Amino acid sequence: MKKECIAMLLAGGQGSRLYVLTGDMAKPAVPFGGKFRIIDFPLSNCANSGIDTVGVLTQYRPLELNNYIGSGQPWELDRMNGGVHILPPYQSNTGATWYKGTANAICQNIGFVDLYDPEYVAVLSGDHIYKMDYSLMLRRHKETGADCTISVMEVPWHEASRFGIMNVDGADVITDFEEKPAQPKSNLASMGIYIFTWKKLRAYLLQDDADPASANDFGKNVIPAMLRAGEKMVAYRFEGYWKDVGTLDSLWDANMDMLSPGSGLNLLDKRWPIYSRTPSCPPAFFAETADVGNSAVAKGCDIRGEVKNTVLSYNAVVEEGAVVTYSVLMPGAVVKKGARVEYAILGEGSLVGEGAHVGAGPETAADPDKWGVAVLGPQTEVAPGETVPAGAMLDKTHGQEAKV
Amino acid sequence: MNGMHGIIFSYEKSNGLRELTEPRIHGSVPFGGSYRMVDFILSDMVNAGIRDVGVIMHGKCQSMMDHLRSGKSWDLSRSFGGLTLLPVFAYNSARGNGRFRGKLEALDVVKDYLRHIRQDYVLLADSDVALNIDLKAVLETHIKTGADITAVCAPSTGDGLYLNLDETGRVREAVDEQHQGLRCLQIFLLRTDLLLSLVDRFVSRHEYSFQGCVLQGLTRELHIQGYVFHGFAAHITDVAGYYASSMRLLDPKVRQDLFCPDRPIYAKENDAASTYMDPQGGCVNSLVDDGCDIQGSVRNSILSRGVRVEKGAVVDGCILFKDTVVKKDAVVRHVIADKAVKIGPGVHLEGAEKYPLVLGKGAEV
């Protein structure tokens, strides 16, 4: 059945820069903001933008992600025609390969896209936190008659050299693309969100696939090739909250942004809901001894201690006499009596034993450059009285992982 | 086919719940912050492996239908069986002009539905009791004792039918409003064919009350077995009882029993984000659902989704339903506020613990 526009969501990332936190799951399945997982954002954006057909490209430990997406019902993507489809690499008569790059992942699924015979294809990333109406971007794509529209946002000039920068003319037509330029000529950073006219993209994907020297990546190969060939590429300016949560620091930052009204990340706004799949649990309980301030609390929590500037996901427990500050507790994390947790991310189902101490504030660090948030992987337990220093990362086997 | 079929009665009862049942029937009254009354028995059924449930709807059922929809929240949205809504009197004015005269009449109206029940047993239940009961154990006891009907009862107080059991647990006498023996929780288990024959037998004589005809009338003819339930059960019939039962949820032991993780209570999903606690807010001894914004002080209260308590406001001993707003510096004590109530800045409202103040849906103070 023909669709005007479908979305392909790149969710294969291993999330190696999230280290122990990803545990056995792919990065987009990592919990965010108390009730969500990272992938809820692009999926909800699709649902809210009227895109009802989404292919989710997975390959790294997809079990948790597959399980989470299921029929797609929480995002209203369980459709008779279309809906959400998980697309892992598969075997064909010419052999089987892993997805070699972002472009290759889509190239291997040309058959899936062709099923819907779309005019346009949106290519989205599975690890960004943002609320965006893709229908506005699609409208601009059609109005300008572009072959490719790339969503960009203005970043501070001094940070521009960390991004892929688009140089544009007066009509926001892209003239040049530079990956992490030392001397940026523009401060328009690519957000990794593209809309292509499918016929064009299809041809370039096949051309790219035939080139053995190519890394089969959108940013490195396909976009530059289209620019070189003189295709019409237009920048679409996005204003609003957007964050790539591919690193521990940015993931922690984005969670903290939930707590500051000035950040622009407002999850209570009902006009653009973010949907999620959460288990049934009773409301959060605040005990007589609870002292909670500037924090986000989800259902199922049981709070008896002090919680400040912290995001508590569903079913998190903070026992009496425990103190939790500037931290993110993922679903089911438990902080036992008298423990202290500061500047930390506690993975799903992790446990901080009685009187243990996890993490420390930046003011305590001898060398501020070496300071970082402390991280416990999923199901990791810290023994009573044990200390986990700032910047340390533990997984459930208690093997410490070094940040590289 | 082995197993049980669920039938839930959701009908208008005498109005002890005052304003709370003005826009809805008992079964869709919010309870425990995240739930409606009917969620409990419905989840109990699903947790016992029941996959077909009929809900007999009567009276102001709009709110109930909005809540149940296709039944997917309880995993009862199936192409064959699953949840079936049975608005029994909606289309039949010959039947008591739409008045609910008894469960037997209601069942007679949907006899075609009953005839197609696949399971050997039927579990009948009302929708105004919040409890977490292992219904599989009820079925096992029913089979073991060889009873014709098993009636679930509990050592509690309140209005309604009371059962007197002999030493083997068999019901010797069922008495109304006597407050002697064990209170009947209006959950009954019997064979499907027995139910059909009872419906035929009494409705042909224009007798409609299951309680009067069967429980009280056939105590000798049938083996009616009492199943004594010792857990927490909130049977809500009036405002004071509703308030008291709600406040018992602040006791962790009661919550462990009602929200036992082995048999979770399912509610309709919601997409509210987490609750936000302001640095100046304080919240103790309270249950708070998602999507609330708490800038003032909250204690000994139960807050449903999307409640806003503004700076300087004090909420004490209250039950606030979805989207209630307590404006700046308002003080509310022992108040039950229905959906989307607005309490204006600086307003002081105080009910009594035994007689809480009820604000109807959408009221502005």
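To be clear, the structure that these remarks concern was listed above.
From a predicted model like this one, the values you see are computed outputs, not experimental measurements. (Residues numbered from 1 in each chain as written. Chains lettered and ligands numbered in written order. Predicted model: local features only at pLDDT ≥ 70, side-chain atom pairs only at ≥ 80, totals over all residues. Heavy atoms only, no water.)

A. Here's a closer look at the packing of helix α6 (residues 198-209) of chain A against helix α7 (residues 218-228) of chain A. All names here are of chain A. Where α6 meets α7, the axes come as close as 10 Å, and the angle between the chain directions of the two elements is 120 degrees. One element, α6, and the other, α7, form an angle in the oblique class. Considering only the axes of α6 and α7, their crossing is right-handed. Seen from α6, the contacting residues are Lys-200, Leu-201, Tyr-204, Leu-205 and Asp-208; seen from α7, they are Phe-218, Asn-221, Val-222, Ala-225 and Met-226. Grouping the constituent residues of the contact of α6 with α7 by class yields seven nonpolar, one polar and two charged. (Axes fitted to C-alpha atoms, helices over the stretch in contact; angles between N-to-C directions. Helix = DSSP H or I, 4+ residues; strand = E, 2+ residues; numbered from the N terminus. Parallel < 35°, antiparallel > 145°, perpendicular 65-115°, else oblique. Left-handed = near helix turned anticlockwise from the far one by under 90°. Contact = heavy atoms within 4.5 Å. Nonpolar A, V, L, I, M, F, W, Y, C, P; charged D, E, K, R; others polar.)

B. Layout of the interface of chain A and chain B. With 32 residues of chain A in contact, the opposing surface of chain B contributes 35 residues. Our count for the chain A to chain B interface comes out at three salt bridges. Put simply, Asp-323 of chain B and Lys-270 of chain A hold a salt bridge, and the shortest N to O gap is 3.6 Å. Every element with two or more residues in the side of chain A that touches chain B is listed here: β16 (284-286), β17 (291-293) and β18 (295-297) of chain A. When grouped by side-chain class, the residues that make up the side of chain A that touches chain B number 18 nonpolar, eight polar and six charged. Pairing analysis gives three bridges linking β16 of chain A to strand β16 (residues 286-288) of chain B, with the strands arranged antiparallel. The residue bridging Phe-285 of chain A from the neighbouring strand is Leu-287 of chain B, located in β16 of chain B. (Salt bridge = Lys/Arg side-chain N within 4 Å of Asp/Glu carboxyl O. Pairing = 2+ DSSP bridges.)

C. Quick look at the pairing of strand β6 (residues 121-126) of chain B. All names here are of chain B. Where burial is concerned, most of β6 is hidden: six out of the six residues are buried. Burial of β6 is two-sided: the residues Tyr-121, Leu-123 and Ala-125 facing one way and the residues Val-122, Leu-124 and Asp-126 facing the other way are all buried. As paired elements, strand β1 (residues 4-10) and β6 share six bridges and run parallel to each other. Note on β6: the bridge partner recorded for His-5 is Val-122. Pairing of β6 with strand β11 (residues 182-191) involves five bridges; the strand directions are antiparallel. Counterpart to Ala-125 in the pairing with β11 is Ile-187. (Buried < 20%, exposed > 50% of the residue type's maximum accessible area, 1.4 Å probe, protein only.)

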